[in-house]
Amino acid sequence: MWTRRHLLAGLAAFPALSGAALAAGSQKRLVVVLLRGGLDGLAAVPPIGDPAFERLRGDVEGAVPLDGMFALHPALAPLAPLWSAGSLAVVHATALPYAGRSHFEAQDLLEGGGRTPREQADGWLGRAVALAGGEALAVGARVPLLLRGPVVAASLDPRRDLGLEADLETQVEALYAQDPLLGPALTQGLAMRAQVGDPEGGAGSPAGAARVAGDALGRLLATEARTRIAVLELAGWDTHTAQAAGLARQLGGLADAILALQARLGAAWSDTAVVALTEFGRRAALNGTGGTDHGVGGVALVAGGAVRGGRVIADWPGLAPAALAEGRDLAPTTDLRSLEKAICVQHLGLDPDRVDREVFPGSSAAPALPGLFG
Amino acid sequence: MNAEASVAASRFGLGPRPGELAEIGSHPREWLLDQLPPASEDPRWLALGTSAARLAQARPIAQSGSEEAKEAAKALLRATFLNDVGVRAEILGASPRPFLERWRMAWSNHFTVSVTRQVVAGLAVPFEREAIVPHATGKFLDLLRAATQHPAMLLYLDNLRSVGPNSLAGLRKERGLNENLARELLELHTLGANGGYQQADVEALAAMLTGWSLSKEEGSPGTVFRPELHQPGPKHFLGAAIAEGGPGEIDVALKRLAKHPSTARNVATRLARHFAADRPPERLVRGLERTFLESEGDLAEVAITLVNSDEAWADPLGKLRTPHDLVCAISRGFGPADGAMQVKALRALGQIPFSAPSPAGWSDLAVDWAGSDQILARIDLAERMGAKVQIQAGQRAEDLLGPVLSASTRNAIASASAPRGLALLVASPEFQRR
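Residues numbered from 1 in each chain as written. Chains lettered and ligands numbered in written order. Predicted model: local features only at pLDDT ≥ 70, side-chain atom pairs only at ≥ 80, totals over all residues. Heavy atoms only, no water.

K.L.:
In this structure, what is going on with the overall build of chain A? I would like to understand it.
P.N.:
Looking only at helices and strands, chain A features 13 helices and eleven strands. Put simply, chain A has 374 residues, and 60% of those count as buried. Across chain A, every contact between residues at least 6 apart in sequence was considered, and the portion connecting residues at least 24 apart equals 72%. Total accessible area on chain A is roughly 12700 Å²; 55% of this is exposed by carbon and sulfur atoms. (Helix = DSSP H or I, 4+ residues; strand = E, 2+ residues; numbered from the N terminus. Buried < 20%, exposed > 50% of the residue type's maximum accessible area, 1.4 Å probe, protein only. Contact = heavy atoms within 4.5 Å. Areas by Shrake-Rupley, 256 points an atom, 1.4 Å probe, with all protein chains shown as cover.)

Here it is, written out as structure tokens:
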């Protein structure tokens, strides 16, 4: 149902390129995967070499050893080839500067990039997009706080099949011309739809939805010249109860999404970083119900051809009782903002001073992780 | 008639039925306040099952069913839920008290239960009828108590699985606390994120909540207190001791929370955001907060303060309709629409009631509902509507939008074909906003 008119209208909707990185012809692509709910880092990347681990979590069957200390959850095994190719890094025992264990506050910090909840009105990635130039896209129905900023990001839900009549679009665009919210949103929506084409099926399950989203995003990023930064939201990580089966499904979906991106990006994969971030880790010990309550230190995954991977970046604090934060949580030893800043500076090529001032104000205590990209 | 009639019908209400704006006329505040006193409820509510009946239905399957029986039961549960929300949508589409309905729904969103936890499905609409509706214009404490102890909430936020570590069951089985309900009770339902509580308060509240569970007795389904799960000993909560008191402890804690200034602030802010503006004026929040505290949480008094606050009437199209608001307004303006059709539209727009992604409930911020793809989906719905309904769009636009209908929308509708005119009316900025 998409016509040439859509395509032309779509292209016309984008402002001219601006900003250093893209003007210089950068081909870098960035996908931030938001894992909402608090991924259990000790389950995703279990520290099987830590003598205290088994007492907390029991035996982990089928985990894929990465080095002497860490392993991948069995459901992440499809990512093992990326590890071998040096295209997968893990940042462990990482957290935001926050120990309040609230989803809503921690997500605000994860997305806003502030020092305290609600300090920032828009998102660090949205501010980074403004510095990098070009456009950004949220996969899903809405634009999360992370991507809000001076440049209004588009959203695209690849599971939704729409077929609007072109002249209705034109008429409604005219009605929305004066509406500061609806007008820009409609124009962008038409542009994105024109570029990604019709969605593919197979989104019946949440895990299937992750793959479909990764696939559609990969198609768009492979061809689209202006949109190189995207956010993919995956919910369902708040595993308070009997988490074994659900977490395996979730992690399988995450692996599928990353591999679908890789497959669709083709040669562009070598310029791509996919970063999976979550608001906090979970409690070191299982709770009374086979799940895990909210904790502090957790894990971030960094995949892509642009990543200098094949390593776990962690100043490992250990899981002995005395080493746990407040006697219960994995103690954070790496500020998650150090990873986020490395993405901005090394991968997107932004000016470090401006990143310190404009993207992560007041973050000088958390220098960018060195040598992670490029 | 001025724009206040439209604000009464759409911002406070659920969107006008034809003739409603004329009925409101120049008495918008009276029209709203007249809806608050008790009156008879739509008889269709009675046809839906109670939570007790739904729990009784579910038990034999959970206990003895084969895998096939469990799968069939899941499908039936889903169908029951979708029928429930369909009936609810039909009733809302015809309700003569739309402000009261919106007020109740704001509270049912404040105390969100969500079928993202499958076990909640059969209990979600009964939760609203049993825990929210009877207390939404009563005392906040009663509402808080009813919502916290309803089977749907106990299941949704894992309280059935929470066991006092030193309780009889805890000592025997080495099971422990689950903090889920306690944390959301503090952060969302009462004090709010900056409300001045610590991790130790979450744990103390979780300990006081242990034991609140569901009956295992045949024939008496519902909430019971099971002492063998309850964490013994005194609790230290919000800077003061609460003596060991078994099932009475939570009552002491909820009373303390209900009259806490942080709760008043949190509740006032959420109401102001829902009813007035995404960034509500401080004066309005303060007014609601003051009434909440001075009336000891009398929610009818808070509603009256809201209606009588000039700030809530400003900027007549300042709020974006959520998808649920939109579908409801379509049903009232052009229907009432069949429940199943409304559920289908709500699914397409991503807001089936009682399906919020987290205990924080549905967002009241336009920015969360105005993603570019969401706007396309709204226009898609408008197009389908136009193809389906045979109505004179020009006249209906005057009827439903009246004082807020813009010249450009009026002209666009006038020069369009009949189905296209209706699509433009529904897609128009005036209809998408409230």
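K.L.:
I'm lost on the pattern of salt bridges in this one. Help?
P.N.:
Note that side chains of opposite charge can pair when their charged atoms are close. By the definition in use, this model includes 52 salt bridges over all chains. Through salt bridges with shared partners, one network takes in Arg101(A), Arg283(A), Glu326(A), Arg328(A), Asp329(A), Glu179(B), Arg183(B) and Glu203(B). (Salt bridge = Lys/Arg side-chain N within 4 Å of Asp/Glu carboxyl O.)

K.L.:
Can you walk me through the pairing of strand β1 (residues 29-35) of chain A in this structure?
P.N.:
A regular strand carries its side chains on alternate faces of the sheet. Residues and elements named next belong to chain A. Burial analysis of β1 places seven of its seven residues in the buried class, the great majority of the element. Alternating positions in β1 separate into two faces, Arg29, Val31, Val33 and Leu35 on one and Leu30, Val32 and Leu34 on the other, with burial throughout. Direction of pairing for β1 relative to strand β8 (residues 272-278): parallel, over a ladder of seven bridges. Looking at β8, one finds that Leu30 is bridged to Ala273. Of the pairings in the sheet, the one linking β1 to strand β7 (residues 227-234) comprises six bridges and is parallel in character. Opposite Leu35, over in β7, you have Leu234 as the bridge partner. (Pairing = 2+ DSSP bridges.)

K.L.:
Looking at this model, I keep getting lost on helix α22 (residues 407-414) of chain B. Mind explaining?
P.N.:
An α-helix turns once every 3.6 residues. As a result, residues three or four positions apart point the same way. Thr409(B), Ala412(B) and Ile413(B) are the residues of α22(B) that are buried. Projected down its long axis, α22(B) carries its buried residues within an arc of 95 degrees, all on one side. The exposed residues of α22(B) that point more than 90 degrees off its buried face are Asn411(B) and Ala414(B). Where α22(B) is buried, its residues contact α8 (166-175) of chain A together with α21 (393-401), α23 (418-427) and α24 (429-432) of chain B. (Arc of directions from axis to C-beta.)

K.L.:
Can you help me understand the interface of chain A and chain B in this one?
P.N.:
How big an interface is tends to be stated in terms of the accessible area lost upon association of its parts. Residue-level contacts link 43 residues of chain A with 47 residues of chain B. Between chain A and chain B the total buried area reaches about 3800 Å² when both faces are included, carbon and sulfur atoms providing 55% of it. It is Phe104(A), Arg160(A) and Leu175(A) in chain A that bury the most area against chain B; as a group they hold 17% of the surface buried on that side. A salt bridge links Asp179(A) to Arg433(B); its shortest N-O distance comes to 2.9 Å. (Buried area = accessible area lost by both parts, 1.4 Å probe.)

K.L.:
Looking at this structure, I do not really get the side chain of Arg101(A). What am I missing?
P.N.:
The residue Arg101(A) is located in the loop between β4 (88-95) and α6 (103-112) in this model. Only 3.4 Å separates the side chain of Arg101(A) from the side chain of Glu326(A), close enough to count as a polar contact. Every residue in contact with Arg101(A), bar those within four places of it in the chain, is listed here: Phe280(A), His294(A), Gly295(A), Val296(A), Glu326(A), Arg328(A), Asp329(A), Arg183(B) and Gln199(B). (Polar contact = N/O pair within 3.5 Å; in protein donor to acceptor, adjacent residues only side chain to side chain.)

K.L.:
What's the story with the packing of helix α7 (residues 124-132) of chain A against helix α13 (residues 352-359) of chain A in this structure? I'm lost.
P.N.:
If you want to describe how two helices pack, look at the angle between their axes and the distance between the axes. Residue and element names in this part refer to chain A. Two elements in contact, α7 and α13, have axes whose closest approach is 10 Å; the angle formed by their N-to-C orientations is 135 degrees. In this view, α7 runs oblique relative to α13, as classed from their interaxial angle. Handedness of the crossing formed by α7 with α13: right-handed. Counting all contacts with α7, which are made through Trp124, Arg127, Ala128 and Leu131, the residues of α13 involved are Arg354, Glu358 and Val359. In terms of residue class, the contact of α7 with α13 is built from four nonpolar, no polar and three charged. (Axes fitted to C-alpha atoms, helices over the stretch in contact; angles between N-to-C directions. Parallel < 35°, antiparallel > 145°, perpendicular 65-115°, else oblique. Left-handed = near helix turned anticlockwise from the far one by under 90°. Nonpolar A, V, L, I, M, F, W, Y, C, P; charged D, E, K, R; others polar.)

K.L.:
Can you help me understand the environment of His294(A) in this one?
P.N.:
Structurally, the position occupied by His294(A) is in the loop between β8 and β9 (298-303). Between the C-alpha atom of His294(A) and that of Ser102(A), which follows or precedes it by 192 residues, the distance is 7.6 Å. The residues contacting His294(A), other than those within four sequence positions of it, are Arg101(A), His103(A), Asp238(A), His240(A), Phe280(A), Gly281(A), Arg282(A), Arg283(A), Arg328(A), Asp329(A) and Arg183(B). One polar contact links the side chain of His294(A) to the main-chain carbonyl oxygen of Arg101(A), over a distance of 2.8 Å.

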